[in-house]
Amino acid sequence: MAAREGRHQVVVIGSGFGGLFGTKALKRADVDVTMVAKTTHHLFQPLLYQVATGILSQGEIAPPTREILSHQENARVLLGEVTDIDLTARTVTSQVLGRPTVTSYDSLIVAAGASQSYFGNDQFAEFAPGMKSIDDALELRGRIFGAFEWAEMGAMRGDNVDHHLTFVVVGAGPTGVEMAGQIAELANRTLKHDFRFINTRHARVILLDAAPQVLPPFGHRLGAKAQHELEKLGVEVQLGAMVTDVDERGLEVKDRDGTVRRIECMTKIWAAGVAANPLGRTLSEQTGAPLDRAGRIGVNPDLTLPGHPEVFVVGDMIALDNLPGVAQVAIQGAKYAAKEIRNRIDDRPPQAPFHYHDKGSMAIISRFRAVAMVGKLRLTGVLAWLMWLAVHLVYITGFKNRVTALLHWAVSFLGRGRSERTTTEQQIFGRAALKRLQGGAADLVSRPGAYDASRALLETTRRAELEAQAAEEARLSDENRRGVSVDR
Ligand SMILES: Cc1cc2nc3c(=O)[nH]c(=O)nc-3n(C[C@H](O)[C@H](O)[C@H](O)COP(=O)(O)OP(=O)(O)OC[C@H]3O[C@@H](n4cnc5c(N)ncnc54)[C@H](O)[C@@H]3O)c2cc1C
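The name an unreviewed UniProt entry gives the chain is NADH:ubiquinone reductase (non-electrogenic), with Nocardioides guangzhouensis as the organism. Per UniProt, the comment on the chain under Subcellular location (unreviewed entry) is "Cell inner membrane". Taken directly from UniProt, the Cofactor (unreviewed entry) text for the chain runs: "FAD".

As structure tokens, this is what we get:
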């Protein structure tokens, strides 16, 4: 798509729920849309735990944004991490491997989401990965399946392998509950015949939270039900337990009565706490809009920023009316922003303030067990699980992804298999290796000048080498000297 001269330019930051649905809602508007995002895919975060536990492949929950938008003529996709937004100049600066791009806008929708929060202890991240991206899920898959391998090797030597077979999930919200339930199913069903020296059913799965209940946003009754179902699966639920330290071999926990104890465990998963994208701070500094403790920015009731009606912020980045950090808030907010942009272009009056329509929440505990809350309705067990299945099938992007996800669910839920158990060393150690480089991945690619210089060198030296080698090959063949000892 070439930007049309004089046409209204919309920039959308992010290709998650807010970014994608905002861009699609502008399909019929007389605007050019540039979606800038730091990944080339649209990520369906609610199913990340299924990638981490080998049920789904990453492709099924992260289709390419370019493909999704390929038929939307007025939209283009630009890969890049946004590092600056200049509200006065109305520009967005993004970077790929150290190479910057500046994009101008008339209207801006910021939907950059949130990241994991370690409550000021970012050093925990190295040992207890969160679950926010495909990288996170693949790393966790490597660590979880890897833990059983280490345990098998240790048991073969006669070592104590309890710490390898202990899995701790920190945070008893929906992600933590889903993750703990799936690891328990892996140990109890999927892997039970695969090892010779360990009994995978002896694995300990611990779900920890500083809060006094599981799934607080679901209320007391559903929280207690979820806890009961988890315990039936063999998950140890430890509440009122605050993690105070994490290292390679385990973590330290402080209980409500002040007792400090240590849990020896190689695999830790952090599913507690989110922090809004740091772009919120950039916007706050330029507008004076307040930030809450999680870094979410206070927006006007129409999702714009104070003094900047051309800038909308949606989804996990906003603090407005205690809205939860869920996909529907982002989707509905982005559609609202897109409609407001269309109204302005078509000279229609503005909409009423943004109103969130709560369509309900659900969390899956294991196969055939879930809890769901829709309006006043509270569902548990198979009924809630079927509802979960239907809703997720509707929201997974793309027909082919729906079909393959359904097949993989049949493999895992009707059978006991997991279709996606492949793990690699890079999956587990790639992130740690990149972190050790000063400039990250940018250190691994040459600068444009250096590239030209090395190419010129290649031209002069390598060509001579190749010509000499070819001449020698031809001579050996012509003289029938192949296979003849050099001494003879
Ligand atoms: C593991 C997990 C499970 C969840 N389960 C549920 C659930 O069951 N139900 C539910 O409703 N919600 C669930 N959520 C929450 C839901 O996914 C979020 O509320 C939703 O994704 C928010 O949408 P968003 O558009 O604000 O942000 P996101 O969907 O996170 O999208 C942010 C986008 O911005 C991009 N980005 C970030 N920084 C930059 C930058 N600097 N430059 C360019 N691009 C950038 C990201 O790559 C991404 O494309 C879950 C979240 C997680 C992590």
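This is not the end of the story, as more comes after the structure.
Can you help me understand the environment of Thr93 in this one?
Mapped onto the elements, Thr93 comes out in strand E5 (residues 91-96). A residue is classified by how many C-beta atoms lie within 10 Å of it, and Thr93, with 17 of them, is partly exposed. Apart from residues lying up to four places away in sequence, Thr93 is in contact with Val82, Thr83, Asp84, Pro100 and Val102.

I would appreciate a short explanation of the sheet that holds strand E14 (residues 260-264) in the present structure.
Remark on secondary structure: sheet strands pair via backbone hydrogen bonds, oriented parallel or antiparallel. Strand order in the open sheet made by the 3 strands is E12-E13-E14, with antiparallel pairing throughout. The open sheet has two edge strands, strand E12 (242-247) and E14, and neither has a second partner. Ignoring which end each strand starts from, the neighbouring axes of this sheet average 25 degrees apart. Here 5 bridges tie strand E13 (residues 250-254) to E14, and the two strands are oriented antiparallel to one another. By the bridge assignment for E14, Gly250 is matched with Glu264.

It is not clear to me how the environment of Pro64 should be interpreted in this structure. Could you clarify?
Assignment of secondary structure puts Pro64 in the loop between helix H3 (58-61) and helix H4 (65-68). A tally of 16 C-beta atoms within 10 Å means that Pro64 is categorised as partly exposed. In this structure the C-alpha to C-alpha distance between Pro64 and His220, which are 156 residues apart in sequence, comes to 40 Å.

How do you make sense of the pairing of strand E2 (residues 31-37) when you look at a structure like this?
The two faces of a sheet get side chains in turn, since along a regular strand they alternate between them. Counting buried residues along E2, 7 of its 7 residues qualify, which places the element largely inside the surrounding structure. The two faces of E2 match: Val31, Val33, Met35 and Ala37 on one face and Asp32, Thr34 and Val36 on the other face are all buried. As for the winding sense of the linkage, the β-α-β connection from strand E1 (residues 8-13) through helix H1 (residues 17-24) to E2 is right-handed. Summarising the sheet, E2 and strand E3 (residues 75-79) pair through 5 bridges and their orientation is parallel. Bridging from a neighbouring strand, Val36 pairs with Leu78 of E3.

Before we go on, may I ask you to explain the sheet that holds E2 in this structure?
Sheet architecture is open: 6 strands sit in the order E3-E2-E1-E7-E19-E18, paired in mixed fashion. Each of the sheet's edge strands pairs with one partner strand only, and the pair in question is E3 and strand E18 (304-305).

Explain the site of the ligand to me, please; I cannot follow it from the model alone.
If you check the shell around the ligand, you find 32 residues, and the closest are Gly14, Gly16, Gly18, Gly113 and Gly315. Secondary-structure elements contributing two or more residues to the shell around the ligand are H1, E2, strand E4 (81-86), helix H6 (174-190) and helix H9 (327-345). Both domain 1 (8-117 + 275-345) and domain 2 (122-272 + 361-435) contribute no fewer than three residues apiece to the shell around the ligand.

Which parts of the structure should I look at to understand the environment of Ala432?
Note on placement: Ala432 falls in helix H12 (residues 425-435). When the C-alpha positions of Ala432 and Arg475 are compared, they lie 51 Å apart, and in sequence the two are 43 residues distant.

Quick question: what am I supposed to make of the packing of helix H5 (residues 134-157) against H12 here?
Each pair of packed helices can be summarised by the angle the axes make with each other and by the distance between the axes. Contact geometry of H5 with H12 gives a least axis separation of 7 Å together with a crossing angle of 125 degrees. Compared by their axis directions, H5 and H12 come out oblique. Here H5 runs over H12; the crossing is left-handed. Only Gln427, Ile428 and Arg431 of H12 make contact with H5, whose side of the interface consists of Asp135, Leu138, Glu139, Arg141, Gly142, Arg143 and Gly146. For the contact of H5 with H12, the residue count by class is 2 nonpolar, 3 polar and 5 charged.

Please explain the nonpolar core as it appears in this structure.
A general feature of soluble globular proteins is that nonpolar side chains tend to end up buried together. Val170, Val177, Ala180, Leu207 and Ala370 are the most contacted members of the largest nonpolar core, which totals 76 residues. A per-element tally of this core places H5 first, with 8 residues. Taken domain by domain, the makeup of this core includes at least three residues from each of domain 1 (8-117 + 275-345) and domain 2 (122-272 + 361-435). Setting aside its immediate chain neighbours within four residues, Val177 contacts Ala172, Leu207, Val214, Leu215, Ala226, Leu230, Ala363 and Ile365.

Teacher, can you tell me more about H5 here?
Within an α-helix, residues lying three or four positions from one another point in the same direction, as the helix has 3.6 residues per turn. If you check H5, its first and last C-alpha atoms are 35 Å apart, about what 24 residues at 1.5 Å a residue would give, namely 34 Å. Gly146 marks the point of greatest bend in H5, at about 25 degrees. Two residues or fewer past H5, Gly158 is found with a positive phi of approximately 85 degrees.

I tried to follow the UniProt feature "domain: FAD/NAD(P)-binding" (unreviewed entry) in the chain on my own but got confused; where do I start?
Per the UniProt record, "domain: FAD/NAD(P)-binding" (unreviewed entry) is annotated on residues 9-333. Along residues 9-333 one finds 29% helix and 29% strand; the C-alpha atoms at either end are 19 Å apart.

How should I be thinking about the UniProt feature "transmembrane region" (unreviewed entry) in the chain in this particular structure?
The UniProt record annotates "transmembrane region" (unreviewed entry) at residues 377-396. Between the C-alpha atoms that bound residues 377-396 the distance is 24 Å, and the span itself is 75% helix and 20% strand.

Definitions and cut-offs
Residues numbered from 1 in each chain as written. Predicted model: local features only at pLDDT ≥ 70, side-chain atom pairs only at ≥ 80, totals over all residues. UniProt positions renumbered as here; feature names shortened; annotations may be inferred. Helix = DSSP H or I, 4+ residues; strand = E, 2+ residues; numbered from the N terminus. Buried ≥ 20, exposed ≤ 12 C-beta atoms within 10 Å, placed from the backbone. Contact = placed C-beta atoms within 7 Å. Pairing = 2+ DSSP bridges. Axes fitted to C-alpha atoms, helices over the stretch in contact; angles between N-to-C directions. Right-handed = clockwise from strand over helix to strand, strands pointing away. Near = placed C-beta within 6 Å. Domains from an automatic or database assignment. Parallel < 35°, antiparallel > 145°, perpendicular 65-115°, else oblique. Left-handed = near helix turned anticlockwise from the far one by under 90°. Nonpolar A, V, L, I, M, F, W, Y, C, P; charged D, E, K, R; others polar. Core = buried A, V, L, I, M, F, W, Y, C linked by C-beta atoms within 7 Å. Expected span 1.5 Å × (residues − 1). Bend = angle between axes of the 7 residues up to and from the residue.

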